[in-house]
Amino acid sequence: MAAAEDPEVEDHARGRIISDAPLSRPVPVDLRYDPGFSPATVRFVFPGDIEWSFPRVLLETGLRAPTRRGDIGVWPCGRVQTVVELHKNDGDVTVVQFDTTALTRFLKHTYAAGASMTTS
């Protein structure tokens, strides 16, 4: 996570790419938030600098119930997993499963960073 004087948040999570193949594969994902640039947006950065930006509220809502906005869907998967579905313009779809605790922790960090901006 960033230094105290810098409200930007960067957490790391391990997702699992889910596909038709018999085995899923792990993927490291950087979870980023910059309240000074876009206070309503979170970013997921995958290897190869593939970045997806979407509303923080979409992630928060998707932890509790299925939700979709445009080319991104988020929904709970059992009690401890959350699925993020990303649709590319070319029709390709990537489905990534995360531990819900990692995403919840990231959201808490984003709200703490946003609060520190308003109390500065």
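Residues numbered from 1 in each chain as written. Predicted model: local features only at pLDDT ≥ 70, side-chain atom pairs only at ≥ 80, totals over all residues. Heavy atoms only, no water.

Draft legend 1. Local environment of the overall build of the protein. The helix and strand tally for the protein stands at 2 helices and 8 strands. Its helices and strands in sequence order give the protein the pattern β-β-β-β-α-β-β-β-β-α, from N to C terminus. Across its three principal axes, the protein shows a C-alpha extent of roughly 50 × 30 × 25 Å. Across the protein, every contact between residues at least 6 apart in sequence was considered, and the portion connecting residues at least 24 apart equals 31%. The protein carries 13 positive and 16 negative side-chain charges, and their two centres are separated by 7 Å. (Helix = DSSP H or I, 4+ residues; strand = E, 2+ residues; numbered from the N terminus. Contact = heavy atoms within 4.5 Å. Lys, Arg positive; Asp, Glu negative; His and termini not counted. Charge placed at Lys NZ, Arg CZ, Asp CG, Glu CD.)

Draft legend 2. View of the environment of L59. For L59, the position within the fold is in helix α1 (residues 56–62). In the structure, L59 is positioned 34 residues away from V93 in sequence and 18 Å away in space, judged by C-alpha atoms.

Draft legend 3. Layout of the nonpolar core. Core analysis: the largest hydrophobic core is formed by 26 residues, its most contacted members being F44, F46, L59, I72, F98 and F106. Non-local contacts of F98, meaning those with residues more than four positions away in its chain, are made with A13, R14, G15, V29, F44, V80, Q81, T82, V84 and L103. (Core = buried A, V, L, I, M, F, W, Y, C linked by side-chain atoms within 4.5 Å. Buried < 20%, exposed > 50% of the residue type's maximum accessible area, 1.4 Å probe, protein only.)

Draft legend 4. Region of interest: the pairing of strand β8 (residues 93–99). Taken together, the 3 bridges between strand β1 (residues 9–18) and β8 define a ladder with antiparallel strand orientation. Opposite R16, over in β8, you have Q97 as the bridge partner. As paired strands, strand β7 (residues 81–87) and β8 are joined by 7 bridges and run antiparallel to one another. By the bridge assignment for β8, Q81 is matched with D99. From the end of β7 to the start of β8, which pair antiparallel, there are 5 residues, and G91 there has a positive phi angle of about 95°. (Pairing = 2+ DSSP bridges.)

Draft legend 5. Fine view of the pairing of β1. Here β1 shows a clear split, with V9, D11, A13, G15 and I17 buried on one side and none of E10, H12, R14, R16 and I18 buried on the other. Taken together, the 9 bridges between β1 and strand β2 (residues 25–33) define a ladder with antiparallel strand orientation. When the sheet's bridge partners are listed, G15 is paired in β2 with V27. Between β1 and the antiparallel strand that follows it, β2, lie 6 residues.

Draft legend 6. Summary view of the packing of aromatic side chains. Applying the stated criterion to the full structure yields 2 aromatic pairs. A centroid spacing of 5.6 Å and a plane angle of 80° characterise the contact between F44 and F98, whose relative ring orientation is edge-to-face. Here F44, found in strand β3 (residues 41–46), pairs with F98, found in strand β8; they are 54 residues apart in sequence, far enough to count as distant. Per residue, the accessibility class of F44 equals that of F98, and both read buried. Among the aromatic side chains, those forming a connected cluster through ring pairs are F44, F54 and F98. The aromatic ring of Y111 is capped on one face by R56, whose charged end is 3.9 Å from the ring centroid. (Phe/Tyr/Trp six-rings, centres within 6.5 Å; stacked < 30°, edge-to-face > 60°. Lys NZ or Arg CZ within 6 Å of the ring centre and 35° of its normal.)

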